[in-house]
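Coordinate analysis (summary)
Here is what each chain is made of, one letter per residue.
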Amino acid sequence: MALMEIKVPDIGDFKDVEVIELLVKPGDRIKAEQSLVTVESDKASMEIPSSAAGVVTEMRIKIGDKVSEGSPLLMLDTEGASAPVEDTGMPVKVPPSELSAPAAPATLASAAASAAPSAGGSAPPPAQAAPPASTGRAGPVEVVVPDIGDFADVAVIEVMVKPGDTVKVEQSLITVESDKASMEIPSSHAGVVKEVRVKIGDKVSKGSPVVLLEGASGAAGAAPPAAAPAPAAPTPAAPAGAAGAGEKTVPTAALPAHEPTAPKGALPHASPTIRKLARELGVPLDEVKGSGPKGRITQEDVQAFVRGVMSGSTQTRAQAARAPAGAAAGGTFPGLLAWPQVDFAKFGPVERKDLSRIKKISGANLHRNWVLIPHVTNHDDADITDLEAFRVATNKENEKSGVKVTMLAFLIKASIAALKKFPEFNASIDGEQIVLKQYFHIGFAADTPNGLMVPVIKDADKKGVLQISQEMSELAKKAREGKLSPTEMSGGCFSISSLGGIGGRYFTPIINAPEVAILGVCKSATEPRWDGKAFQPRLMLPLSLSWDHRVIDGAAAARFNAYLGQILADFRRVLL
Ligand code: CAO
């Protein structure tokens, strides 16, 4: 075994930077130049690759550690592996043995760090940072990319200013990114942007023009010279024809990358690898919520976002712009008008709030179900006078047990009897087949502060009304507290949505796919009913049954409701 300690190479002034990602683990066989860790300051994020190939035997750092040049990263068994790669000047390619060599060429990291105040607050060396000594008002001035070492031909991924913008010294102008690092290039001067000389996708190197400033003043050379002993870098020449007559060409001075704690513009907080992954997958990173430290977007966040979009529970802004709010991905219809874009604030004061996670998920599901299922709703009334008397008596008898029976528990039992009699209501469509279920898991809509949830009472046919009531109250409590597990909301055969405790007469509930029917119930009321001789006061329960016309016919729905009504009127029929 030939053990080799891999250390952080010369990264200039970039000291005490935080390790935010470990990209390898013990046992991993790595190639030379393979990225080992991602480090990040408030100025830049970058990956530090291996200078040699081998098998990782031990990690010497963990996430959150602060590292500087020379900090050990890991131990590598290099036996049989290829020799360390040639030093090309990039940090990724600097062999550890040469890391401290004074003649080491400038690296991406060192350029980035040295051109900017370092994470630890030390002053930037003027080799890259010191601008021309001009501080008086002058102009126009062309701001160019400073000396960023070997960091050539890097892509511009963001342009943060436009003509007419007033910029301050050190204000970020553009963001550049390689596959190893991303950083912002700030202005060396204050002034008004006359012309932006780059666009997204352009490749820039040292000396590439960035913007032309008018009335420029106050070059970013304020770093204490005492902390910057190296000779000032020569002003890079602008490419021929880039600067107009009378323009001064100056390099940008500071070189901070995106600011994770206070992001400016739209650049999300993520490492270069994650940005690359997002680009490959077409994920709009600025729409992904970061779960990492300081809101940094992780690989899991990107994967979860993709999963959400694929399942229809998440919509990208682009999808939302093409479809009404809550529409499932791919649920738009060609030829349909776009969702109205209204500036509501024009008409009066407004407040904007994000939809809750549950509302987004249930909204997307409801919209899909509403659009894809041909719904019909049958309304009916059930005489529950005797059942209500029995319910009240049962509650009195069970007062001490703490279990309260509401009409919903009886409705669950009555529905099971109807599902047994009309099995096509306990079904799902699966391609060109109907799946008839021989189990009876009944969902009930629960109103929660965050939105609608549908917990499921499993095997309700095997449970009594008291047990169903108890389970329902536990599940409803969990739903309100946001503690329902996915299992507690899955497997439903038929759902009941009861607004009985609130009010109303009838409504048209939306079927909870892949179920094929849902029963809506409103508040019971005493009404006069003709018994053949006289009007009698009877407690009537309004029922609204929505059903999927692909599976169920109107006659069957009318029979289902009628049968349900018979059972609710005389529960002894359940025994027949
Ligand atoms: N008629 C008259 N009164 C009724 C009734 C009905 N159909 N159903 C319930 N009630 C009464 C109850 O008996 C109870 O009365 P007391 O307080 O005097 O005992 C009161 O209304 C409150 O009942 P509840 O709502 O607490 O209990 P429940 O079992 O009826 O419902 C639950 C539980 C979780 C389903 C309910 O709280 C809920 O969230 N309902 C809203 C569902 C919803 O949002 N549906 C719409 C979805 S869109 O399709």
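What follows deals with the overall build of the chain. Helix and strand counts for the chain come out as ten helices and 28 strands. Here the chain holds 576 residues, and 47% of them are scored as buried. A sequence separation of at least 24 residues applies to 65% of the contacts in the chain between residues at least 6 apart. Element-wise, carbon and sulfur atoms account for 55% of the exposed surface of the chain, whose accessible area totals about 27900 Å².

This next bit is on the environment of Pro26. With respect to the helices, strands and loops of the structure, Pro26 is situated in the loop between strand 2 (17–22) and strand 3 (29–30). In this structure Pro26 comes out as partly exposed when scored by relative accessible area, which is 48%. Residues Pro26 and Leu76, spaced 50 residues apart in sequence, show a C-alpha to C-alpha distance of 9.0 Å. If we skip the residues at most four places from it in the chain, Pro26 touches Val56, Thr57, Glu58 and Met59.

Turning our eyes to something else, we now look at a nonpolar patch on the surface. There is a patch of nonpolar side chains on the surface, built from Val342, Phe344, Phe347 and Val350 and spanning about 420 Å² of accessible area. Mapped onto the secondary structure, Phe344 falls in the loop between helix 5 (317–322) and helix 6 (357–372). Residue class for Phe344 comes out partly exposed when judged on its relative accessible area of 48%.

Of all residues adjacent to the ligand, which total 20 residues, the nearest are Lys404, Thr406, Asp447, Ser497 and Ser524. Within the side chain of Thr406, one N or O atom sits 2.5 Å away from an oxygen atom of the ligand. The separation between an oxygen atom of the ligand and a polar main-chain atom of Asp447 is 2.8 Å. Class assignment for the residues of the shell around the ligand results in ten nonpolar, six polar and four charged.

With that settled, the discussion passes to the packing of aromatic side chains. Per the stated rule, a full pass over the model turns up eight aromatic pairs. Here Phe422 and Tyr563 contribute two aromatic rings whose centre-to-centre distance is 6.2 Å and whose plane-to-plane angle is 70 degrees, an arrangement assigned as edge-to-face. Of this pair, Phe422 sits in the loop between helix 8 (407–421) and strand 19 (427–430) while Tyr563 sits in helix 10 (residues 554–569), and the two are 141 residues apart along the sequence. On the basis of relative accessibility, which here comes to 17%, the residue Tyr563 falls in the buried class. A connected cluster of aromatic rings, assembled from ring pairs, spans Phe422, Phe425, Phe494, Phe560 and Tyr563.

Turning next to the pattern of salt bridges. Considering all chains together, one arrives at 24 salt bridges under this definition. Arg60 is the partner of Glu58 in a salt bridge, and the nearest nitrogen-oxygen pair spans 3.3 Å. For Glu58, a relative accessible area of 36% puts it in the partly exposed group. Judged by its relative accessible area of 37%, Arg60 falls in the partly exposed class. The network of salt bridges with shared partners includes Glu5, Lys7, Glu58 and Arg60.

Quick look at the packing of helix 8 against helix 10 now. For any two helices packed against each other, the geometry comes down to the angle between their axes and how far apart the axes lie. With their axes 9 Å apart at the nearest point, helix 8 and helix 10 run at an angle of 135 degrees to one another. Classified by the angle between their axes, helix 8 and helix 10 sit oblique to one another. In this structure, helix 8 meets helix 10 at a crossing whose hand is right-handed. Judged by residue contacts, Leu411, Ala414, Ser415, Ala417, Ala418, Leu419 and Lys421 of helix 8 engage Phe560, Tyr563, Leu564, Ile567 and Leu568 from helix 10. A class-by-class count of the residues in the contact of helix 8 with helix 10 yields ten nonpolar, one polar and one charged.

Once that is clear, we can look at the side chain of Asp77. Locating Asp77 in the fold gives a position in strand 8 (residues 72–77). There is a polar contact of 3.2 Å between the side chain of Asp77 and the backbone nitrogen of Ala2. Filtering out sequence-adjacent residues up to four positions away, Asp77 remains in contact with Met1, Ala2, Leu3, Gly54, Val55 and Thr57.

Another aspect to go through is helix 9 (residues 465–480). If you check helix 9, its first and last C-alpha atoms are 22 Å apart, about what 16 residues at 1.5 Å a residue would give, namely 22 Å. Taken residue by residue, helix 9 has Val465, Ile468, Ser469, Glu471, Met472, Leu475, Ala476 and Ala479 as its buried positions. With its phi angle positive at about 70 degrees, Gly482 sits one or two positions after the end of helix 9.

The next thing to look at is the pairing of strand 12 (residues 172–177). Of all six residues in strand 12, six are buried; the element is thus mostly enclosed. Where strand 10 (residues 154–159) lies against strand 12, four bridges are found, and the strand directions are antiparallel. Across the sheet, residue Ala155 finds its bridge partner in strand 12, namely Glu177. Two elements, strand 12 and strand 13 (residues 181–186), share five bridges in a ladder whose sense is antiparallel. Across the sheet, residue Ile174 finds its bridge partner in strand 13, namely Ile185.

Moving on to unusual backbone geometry. Look at the link from Ala513 to Pro514: it is a cis peptide, with omega at 10 degrees. Inspection of the secondary structure assignment puts Pro514 in the loop between strand 25 (494–498) and strand 26 (517–521). Phi angles above zero are rare outside glycine, and Asp459 is one such case at about 45 degrees. Structurally, the position occupied by Asp459 is in the loop between strand 24 (456–457) and helix 9. Assessed through its relative accessible area of 28%, Asp459 is described here as partly exposed.

What follows concerns the environment of Gly482. In this fold, Gly482 is placed in the loop between helix 9 and strand 25. Each C-alpha atom of the pair Gly482 and Gly451 lies 9.9 Å from the other, and the pair is 31 residues apart in sequence.

Those residues of helix 3 (residues 272–281) not exposed but buried are Pro272, Ile274, Arg275 and Ala278. Viewed along the axis of helix 3, the buried residues span an arc of 160 degrees, placing them on a single side of the element. Looking at the buried side of helix 3, the elements it contacts are strand 2, strand 5 (44–49), strand 10, strand 12, strand 13 and helix 4 (299–311). Two residues or fewer after helix 3 comes Gly282, characterised by a positive phi angle close to 75 degrees.

Across the chain, pLDDT averages 79, with 77% of residues at or above 70. For the stretch residues 220–266, pLDDT sits under 50, and the model shows 139 contacts to residues farther than four places along the chain or on other chains.

It is worth spelling out the nonpolar core at this point. Counting residues in each nonpolar core, the largest one holds 54 residues, and the members touching the most others are Leu411, Phe425, Phe494 and Leu568. Top element by residues in this core is helix 8. It accounts for eleven residues. Setting aside anything within four residues of it in sequence, one finds Leu411 in contact with Ile496, Leu519, Val521, Leu541, Leu543 and Leu568. The next biggest cluster of nonpolar side chains, apart from the first, holds 43 residues, and it includes Val24, Val37, Val167 and Val204.

Rules used in this analysis
- Residues numbered from 1 in each chain as written.
- Predicted model: local features only at pLDDT ≥ 70, side-chain atom pairs only at ≥ 80, totals over all residues.
- Heavy atoms only, no water.
- Helix = DSSP H or I, 4+ residues; strand = E, 2+ residues; numbered from the N terminus.
- Buried < 20%, exposed > 50% of the residue type's maximum accessible area, 1.4 Å probe, protein only.
- Contact = heavy atoms within 4.5 Å.
- Areas by Shrake-Rupley, 256 points an atom, 1.4 Å probe, with all protein chains shown as cover.
- Patch = residues over 30% accessible without salt bridge, like charges linked within 9 Å, V, L, I, M, F, W, Y side chains within 5 Å.
- Salt bridge = Lys/Arg side-chain N within 4 Å of Asp/Glu carboxyl O.
- Near = heavy atom within 4 Å.
- Polar contact = N/O pair within 3.5 Å; in protein donor to acceptor, adjacent residues only side chain to side chain.
- Nonpolar A, V, L, I, M, F, W, Y, C, P; charged D, E, K, R; others polar.
- Phe/Tyr/Trp six-rings, centres within 6.5 Å; stacked < 30°, edge-to-face > 60°.
- Axes fitted to C-alpha atoms, helices over the stretch in contact; angles between N-to-C directions.
- Parallel < 35°, antiparallel > 145°, perpendicular 65-115°, else oblique.
- Left-handed = near helix turned anticlockwise from the far one by under 90°.
- Expected span 1.5 Å × (residues − 1).
- Pairing = 2+ DSSP bridges.
- Arc of directions from axis to C-beta.
- pLDDT = per-residue confidence, 0-100.
- Core = buried A, V, L, I, M, F, W, Y, C linked by side-chain atoms within 4.5 Å.

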